[in-house]
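Coordinate inspection notes
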There are 4 protein chains.
Amino acid sequence: MISFENDYTTGAHPKILQRLSETNLEAVTGYGMDPYCESAREKIRKSCGCPEAEVFFLVGGTQTNAVVISAMLKGYEGVVAAETGHINVHEAGAIECVGHKVLALPEHSGKIDPGELETLLENFYQDESYEHMVFPGMVYVSHPTEFGTLYRKGELEAIAEICRNYHMPLFLDGARLGYGLMSRESDMTLEDIAGICDVFYIGGTKVGALCGEAVVFPRKNAPKHFLTTAKQHGALLAKGRLLGIQFDALFTDNLYLDAGRHGIEMAERLKTVLKEKECVFYLESPTNQQFIIVEDSLAEELRKHVGFSVWEKPDEEHTVIRLVTSWSTRPEEIERLGELL
Amino acid sequence: MISFENDYTTGAHPKILQRLSETNLEAVTGYGMDPYCESAREKIRKSCGCPEAEVFFLVGGTQTNAVVISAMLKGYEGVVAAETGHINVHEAGAIECVGHKVLALPEHSGKIDPGELETLLENFYQDESYEHMVFPGMVYVSHPTEFGTLYRKGELEAIAEICRNYHMPLFLDGARLGYGLMSRESDMTLEDIAGICDVFYIGGTKVGALCGEAVVFPRKNAPKHFLTTAKQHGALLAKGRLLGIQFDALFTDNLYLDAGRHGIEMAERLKTVLKEKECVFYLESPTNQQFIIVEDSLAEELRKHVGFSVWEKPDEEHTVIRLVTSWSTRPEEIERLGELL
Amino acid sequence: MISFENDYTTGAHPKILQRLSETNLEAVTGYGMDPYCESAREKIRKSCGCPEAEVFFLVGGTQTNAVVISAMLKGYEGVVAAETGHINVHEAGAIECVGHKVLALPEHSGKIDPGELETLLENFYQDESYEHMVFPGMVYVSHPTEFGTLYRKGELEAIAEICRNYHMPLFLDGARLGYGLMSRESDMTLEDIAGICDVFYIGGTKVGALCGEAVVFPRKNAPKHFLTTAKQHGALLAKGRLLGIQFDALFTDNLYLDAGRHGIEMAERLKTVLKEKECVFYLESPTNQQFIIVEDSLAEELRKHVGFSVWEKPDEEHTVIRLVTSWSTRPEEIERLGELL
Amino acid sequence: MISFENDYTTGAHPKILQRLSETNLEAVTGYGMDPYCESAREKIRKSCGCPEAEVFFLVGGTQTNAVVISAMLKGYEGVVAAETGHINVHEAGAIECVGHKVLALPEHSGKIDPGELETLLENFYQDESYEHMVFPGMVYVSHPTEFGTLYRKGELEAIAEICRNYHMPLFLDGARLGYGLMSRESDMTLEDIAGICDVFYIGGTKVGALCGEAVVFPRKNAPKHFLTTAKQHGALLAKGRLLGIQFDALFTDNLYLDAGRHGIEMAERLKTVLKEKECVFYLESPTNQQFIIVEDSLAEELRKHVGFSVWEKPDEEHTVIRLVTSWSTRPEEIERLGELL
């Protein structure tokens, strides 16, 4: 059995486990105030080129989205996102649970369009009855998106400029940021992202950590008492060291980017194999999630030997399946998949 | 520097780290559906003597309290707790954040009194205007309490009976349950607790795990779609294996109870040393949290060499400090503290 | 100046004011427990043909939607509604504010389509990851819709059957129910609606009352402690008599239906005038809201003499305007509008 | 049957009903944007001596408390109130429902003590773990209190000063403000209250209106988009005129104060009668709520002829009953009560 089910099927990068072992019996203070968290913060600040950045470590993605969004929005505001955005579909209503509406924009291979964003905002403020509606209070983008696609730097800058004009923060969900940064089609560095966004997170869970997401407010612009907001949402880990040590390892000797690069190399190899086998791609993805359209009978047969997820049923006889590589994918797994196909 | 600051200053029990390493590169499915979680569940069911128990693994204590309480209460209900209960004081309003009031009862060394609980309930339903008030919908107890004290089996049974009479579930916060079970003064086993309570959690974070709490609904009585409720609150870990492997290790060869026993042995040794040094105890605690009243000057001096937390300032010249032992406390640390005193 | 701005520009039907005056100095108990509320409840039960119905009086529409929906949904559920449904657009996020997502379906002249509803539900439960998504927990329809359109009895029954199959209550927002019932195209009576829906409200504010909406649970199926839920949401009026007296008057001698009939007669007369003037209708509405597409210059000119609301800007040169009649519209106003056009 | 059950048993002051009738068929715009609301606002600004005050009309007390408090608090903050404060006891958890904890202070005849408030705040910020607790974000006082008692001007100023030092707004719940202002023991005018508080409301429901509370932000300090927040909480009345006309009448020719004065005169007469009958007072109240301790048998007998509410059962044989006068109490009712006693 081989698995392309997702990028969180295996444990952690061995260097992370090693650091957890080495530091295991040292007694440090809790809640992210330990020296490992501080060291990780400093390394992240450097990697982002933001010496004043405020960095917080939370445990998982849905949690991070809910905490960041509720900390930044006023009560009468909602968050603008692609209709396919993770917060709008696959987080069980976590944003609504803390009181805010997701204002959905059309998606284009998972991305929002700056022009459509601007139109939404113009229309909102031109509406006679806008005071009876949910105010657009911030913009959420995922990068890579839920379809593995990437924003071009110019697109993200255009979105950021609109946000500035309307005094709305721009939030980038980087659950798979490592794979985005290492994609051959990426034209942005971590510094670029930190320069463009008002807040973003560097995903650990899907890029080699056991758990953990690093939230970055690049210009010392964290909402007041963000730690308390995290605590209130059950997102403050007692043994903050678990997150600090992992991110410290990930930001030592480029481990984070290396993990991302490996996932991308495996994805490119996977694409080559899929193309050789004349698979039909559902869309063109430059990162570690690949989507192909297969006949139902093939999907059923494959399922006996390969882990994957079913994305959609475009018609009665076909299935869109998602194949995901990661920092831990082995070339043999791809070869084996090729054989099976 | 030695630390009695709390029971989450160090990493994980070495056997846990070992199991994390051994299983690290196996690919398993996410969100608690992996074989390690399933194995851990089965072992916990056995330890609880509840073959039908439903067991869920969440990440931390505040989160667990909020998820369990909001899953079990109706919108118009609140949760009854001691005024010093963790949910009423040190969780940054996590319960209120999800819409519920904490109905505070007086505390007696951290415990609620069955008689006072009954009076509260009688008075509530006798009040002409009870429909304008928050309905008491469940009872929360911590065991050990925030003061390290323990309920006697008879007390917990009395509370449970009142709860049954009023159709309210009884929820036991077992963040430090391992230390409670192994206390010399405990008259309850895990089976007893599972028999008495409607829901409780077995704390991992403070008893040897990196993170993790195991929520047990002993009689197949989990609220419908509890997993979705957890997800909605950002409490569902993608790599559920991290929790499953840890609890599987903790419930193999009695590791959980052994960890608890060590913490208690160290606490007893600590008490002996403190008594020898004629320290004044703030209260009598039979578990791993010990509270002593010291002169401010001594507290300041100690702080240079010892980690502890300040509990209270009873007057201008004294401080109540809390000293906590754990599964990882070393006898040398206690000796050293004795020397310093 | 004449006004077709909406159906809540004037005060109350004179018979309501008269009853308020007649009863003014009688002392009665509060919170809806007075004899006028009880009398109104009984009359509504009769009109609905539901001798067991539970009836509650709330103050306004947004409030009623939020209270009913939050009382009936579990925490992990959302409410299905047309994308143009009032709760999804013009209630400032009141549903999200109490923790629930609005699951939007496409609209067809403001209505949802039973087939699309069924598809949404089928797809939901077939999705591998449905436990990570918001469960569809109830269906909301407005009747008349925000576009003045009406469900046919067959359509509403089809929706109700789907709801029953999926154990979801069907909630009908009847803010303008009186106009719907009296429309020439209506094929449903109040009894029909009570027989089909699980909960609905009879709008008072827009059909002749100063304020007030009567929520009806036709089969003794109100959620437990609904009064407390209303209180908790600030929706329980201390002087409940204000609502009871009004609904008692509205359900005496057919006043409610008469008020609705007058609004419809005026709407029909308005349509005739608009057609005579060769206005272009935005859509065909059989109730008291009429939508026409006019050139911007005409809209500007009209605004000097006529109250109306701007619905939409379909292009750079045209405006969709909404003209609303009500129980208090006078024929002269329509004549005057004809002259102005 | 005579009634001292509360101050909202009767309808509205006849002058209010008269104004509602006179204006009934005028068409005005909704949501508080009509000329009557504007006129009422202007009169309230004058009465408060605050030409820049922002004034909003909401429907009821619980609603007003929830909207004001949630509009002014940040997510991680709670509201400090007396343990007997209305928001802490008799509003069914409306504050928690919108996410905030009520931080209870001891009560002294219903009032909070400035010294105890200061101690709470000092202790909070001195606590090592204050970031894990609910931040005190504003102070709520009711005036008159739930026991009919009044703050002295010096007391309220002392509380306000503490609030300013800690950057917390001071909110005064004036549900019965008219009776407070007209009490013989009051040393504050409406101008004083507007000068001292950051936000307060002038209660209409209990002082002669059918419904309605006027929220005043005296120094143009309303939270941004307060109207939208009100809408979101279901607190924005469509026919805002109903509130505007009532408050316009109440603030014309001193009607509000006259209504308050009548309630106080009746209360003084009631006290005289009760003293003559040698009733035992539960506490000394200078406003329109009077509390006496009677034998259970007397309470039962009285209940046949008099409406009142049961406040408390101090022991097995006695009951504390509350007798309330209002703007509509007639001297004959008090005489009759005297006879019955």
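What counts and what doesn't
- Residues numbered from 1 in each chain as written.
- Chains lettered and ligands numbered in written order.
- Predicted model: local features only at pLDDT ≥ 70, side-chain atom pairs only at ≥ 80, totals over all residues.
- Heavy atoms only, no water.
- Helix = DSSP H or I, 4+ residues; strand = E, 2+ residues; numbered from the N terminus.
- Rg over C-alpha atoms; globule rule 2.2 N^0.38 Å.
- Buried < 20%, exposed > 50% of the residue type's maximum accessible area, 1.4 Å probe, protein only.
- Contact = heavy atoms within 4.5 Å.
- Lys, Arg positive; Asp, Glu negative; His and termini not counted.
- Charge placed at Lys NZ, Arg CZ, Asp CG, Glu CD.
- Pairing = 2+ DSSP bridges.
- Least-squares fit on C-alpha atoms with pLDDT ≥ 70 in both.
- Salt bridge = Lys/Arg side-chain N within 4 Å of Asp/Glu carboxyl O.
- Buried area = accessible area lost by both parts, 1.4 Å probe.
- Polar contact = N/O pair within 3.5 Å; in protein donor to acceptor, adjacent residues only side chain to side chain.
- Arc of directions from axis to C-beta.
- Expected span 1.5 Å × (residues − 1).
- Axes fitted to C-alpha atoms, helices over the stretch in contact; angles between N-to-C directions.
- Phe/Tyr/Trp six-rings, centres within 6.5 Å; stacked < 30°, edge-to-face > 60°.
- Lys NZ or Arg CZ within 6 Å of the ring centre and 35° of its normal.
- Parallel < 35°, antiparallel > 145°, perpendicular 65-115°, else oblique.
- Left-handed = near helix turned anticlockwise from the far one by under 90°.
- Nonpolar A, V, L, I, M, F, W, Y, C, P; charged D, E, K, R; others polar.
- pLDDT = per-residue confidence, 0-100.

1. Considerations on the overall build of chain A
- Helix and strand counts for chain A stand at 14 helices and 13 strands.
- The C-alpha atoms of chain A give a radius of gyration of 20 Å, which matches the 20 Å a tight globule of 341 residues would have.
- Taking the principal axes of the C-alpha coordinates as reference, chain A spans close to 60 × 55 × 35 Å.
- By the burial criterion, 64% of the 341 residues in chain A qualify as buried.
- Summarising the internal contacts of chain A: among those between residues at least 6 apart in sequence, 72% fall at separations of at least 24.
- Across chain A, the centroid of the 32 positively charged side chains sits 8 Å from that of the 52 negatively charged ones.

2. Quick look at the sheet that holds strand 13 (residues 318–324) of chain D
Residues and elements named next belong to chain D.
- In space, the four strands of this open sheet follow the order 9-10-13-12, with antiparallel pairing throughout. With partners counted over all chains shown, the strands left at the sheet margins are strand 9 (280–281) and strand 12 (309–312), one partner each.
- Pairing between strand 12 and strand 13: three bridges, direction antiparallel. Bridge pairing in strand 13 links Glu312 to Val320.

3. Remarks on the relation of the copies chain B and chain A
- In the superposition of chain B on chain A (RMSD 0.0 Å, axial shift 0.0 Å), the rotation amounts to 180 degrees. Such a combination of turn and shift is consistent with a two-fold rotation axis.
- Comparing interface residues between copies, 100% of those in chain B also sit at the interface in chain A, which points to an isologous, same-surface contact.

4. Remarks on the pattern of salt bridges
- The full count for this structure, using the stated rule, is 84 salt bridges over all chains.
- Among the salt bridges present, the one from Glu155 of chain C reaches Lys111 of chain C, with a minimum N-O distance of 2.9 Å. On the criterion of sequence distance, the pair formed by Glu155 of chain C in helix 7 (residues 153–165) and Lys111 of chain C in the loop between strand 4 (102–105) and helix 6 (114–126) is long-range, its members being 44 residues apart.
- The exposure class of Glu155 of chain C is partly exposed, given its relative accessible area of 24%.
- Overlapping salt bridges bring together Glu38, Arg41, Glu42 and Arg45 of chain A as one network.

5. So, the interface of chain C and chain D
- Taken together, the 43 residues of chain C in the interface contact 43 residues of chain D.
- Carbon and sulfur atoms make up 60% of the area that chain C and chain D hide from each other, which totals about 3,600 Å².
- When residues of chain C are sorted by the area they lose upon contact with chain D, Tyr8, Gln232 and Lys239 of chain C head the list and together hold 18% of the total.
- One can count zero salt bridges joining chain C with chain D.
- Between chain C and chain D we count 26 residue pairs in polar contact (both at pLDDT 80 or more) in total.
- When residues of the side of chain C that touches chain D are traced back to their parent elements, those giving at least two are helix 1 (14–22), helix 3 (61–72), helix 5 (94–97), helix 10 (226–232) and helix 11 (241–250) of chain C.

6. Examining the interface of chain B and chain A
- Listed as interface residues are 43 residues of chain B and, on the opposing side, 43 residues of chain A.
- On the chain B side of the interface with chain A, the three residues burying the most area are Tyr8, Gln232 and Lys239 of chain B, jointly 18% of the side's total.
- Our count for the chain B to chain A interface comes out at zero salt bridges.
- Summed over the shared surface of chain B and chain A, the number is 26 residue pairs in polar contact (both at pLDDT 80 or more).

7. A closer look at helix 13 (residues 296–303) of chain C
Residues and elements named next belong to chain C.
- Buried within helix 13 are the following residues: Asp296, Ala299 and Leu302. The arc that holds the buried residues of helix 13, viewed along the axis, is 125 degrees, so those residues lie on one side. Residues of helix 13 that are exposed and point over 90 degrees away from its buried face: Ser297 and Glu300.
- Where the residues of helix 13 are buried, they touch strand 10 (289–295), strand 11 (306–307), strand 13 (318–324) and helix 14 (331–340).

8. So, the pairing of strand 2 (residues 54–58) of chain A
Residue and element names in this part refer to chain A.
- Judged by how many residues are buried, strand 2 sits mostly within the fold: four of five residues are covered.
- Summarising the sheet, strand 2 and strand 8 (residues 213–217) pair through five bridges and their orientation is antiparallel. In the strand pairing of strand 8, Phe57 is matched with Ala214.

9. Description of helix 3 (residues 61–72) of chain D
All names here are of chain D.
- Spanning twelve residues, helix 3 covers 16 Å between terminal C-alpha atoms, matching the ideal 16 Å at 1.5 Å per step.
- Within helix 3, ten of the twelve residues are buried, which leaves it mostly tucked inside the rest of the structure.
- Of all the residues in helix 3, the buried ones are Thr62, Gln63, Thr64, Asn65, Ala66, Val67, Val68, Ile69, Ser70 and Met72.

10. A word on the pairing of strand 3 (residues 77–82) of chain C
Residue and element names in this part refer to chain C.
- Taking burial as the measure, the six residues of strand 3 include six buried ones, the bulk of the element.
- Where strand 3 lies against strand 5 (residues 135–142), four bridges are found, and the strand directions are parallel. Residue pairing for strand 5: Val80 is matched across the bridge by Val139.
- Here strand 3 pairs with strand 4 via four bridges, running parallel. By the bridge assignment, Val80 is partnered in strand 4 with Leu103.

11. What to know about the sheet that holds strand 6 (residues 170–174) of chain A
Residue and element names in this part refer to chain A.
- Strand order in this open sheet of seven strands is 2-8-7-6-5-3-4, and the pairing throughout is mixed. Each having just a single partner strand, strand 2 and strand 4 (102–105) make up the two edges of the open sheet. Sheet twist, expressed as the average angle between the axes of neighbouring strands with direction ignored, equals 25 degrees.
- Sitting on the sheet, helix 11 (residues 241–250) is in contact with strand 2, strand 7 (199–203) and strand 8, with an inclination near 115 degrees to strand 2.

12. Looking at the packing of aromatic side chains
- Using the criterion set out here, one finds 80 aromatic pairs over all chains in the structure.
- Between Tyr140 of chain A and Phe171 of chain A the ring centres are 5.8 Å apart and the planes differ by 70 degrees, which places this aromatic pair in the edge-to-face class. Within this pair, whereas Tyr140 of chain A is found in strand 5 (residues 135–142), its partner Phe171 of chain A is found in strand 6, the two being separated by 31 residues in sequence.
- Seen from their ring centres, Tyr130 of chain C and Phe135 of chain C are 5.7 Å apart, and the 70 degrees between their planes marks the pair as edge-to-face.
- Classification of Tyr130 of chain C by relative accessible area gives partly exposed; the value is 24%.
- Geometry around Phe281 of chain A places Lys275 of chain A over its ring, the cationic atom sitting 5.9 Å from the centre.
- Across the ring face of Tyr151 of chain D, the terminal group of Lys111 of chain D is positioned such that the distance to the ring centre comes to 5.5 Å.

13. Examining the packing of helix 2 (residues 35–48) of chain B against helix 11 (residues 241–250) of chain B
Residues and elements named next belong to chain B.
- Between helix 2 and helix 11, the least distance of the axes is 7 Å, while the angle of their chain directions is 40 degrees. The angle between the axes of helix 2 and helix 11 places the two elements in the oblique class. Here helix 2 runs over helix 11; the crossing is left-handed. Residues Tyr36, Cys37, Ser39, Ala40, Lys43 and Ile44 of helix 2 pack against Arg241, Gly244, Ile245, Phe247 and Asp248 of helix 11.
- Residue composition of the contact of helix 2 with helix 11, by class: six nonpolar, two polar and three charged.

14. Describing the confidence of the model for chain A
- Mean pLDDT over chain A stands at 97; residues scoring 70 or higher make up 100%.
- For this predicted complex, the interface confidence reaches an ipTM of 0.97, while the overall pTM sits at 0.97.

15. Focus on unusual backbone geometry
- With an omega of -5 degrees, the peptide bond running from His143 of chain C to Pro144 of chain C counts as cis.
- Notably, Lys220 of chain B is not glycine yet its phi reads approximately 50 degrees, a positive angle.
- On the secondary structure map, Lys220 of chain B appears in the loop between strand 8 (213–217) and helix 10 (226–232).
- Among the residues examined, Lys220 of chain B registers a relative accessible area of 55% and is labelled exposed.
- Phi is positive for Ser109 of chain C, which is not a glycine, with a value near 50 degrees.
- Residue placement: Ser109 of chain C occurs in the loop between strand 4 and helix 6.

16. Considerations on the packing of helix 1 of chain C against helix 11 of chain C
All names here are of chain C.
- Where helix 1 contacts helix 11, the two axes come as close as 9 Å, and the packing angle between them is 130 degrees. As far as their axial angle goes, helix 11 and helix 1 are oblique. Helix-helix and strand crossings are classified by hand; for helix 1 and helix 11 the assignment is right-handed. Facing Ile16, Arg19 and Leu20 of helix 1, the residues of helix 11 in contact are Leu242, Ile245, Gln246, Ala249 and Leu250.
- Classifying every residue of the contact of helix 1 with helix 11 gives six nonpolar, one polar and one charged.

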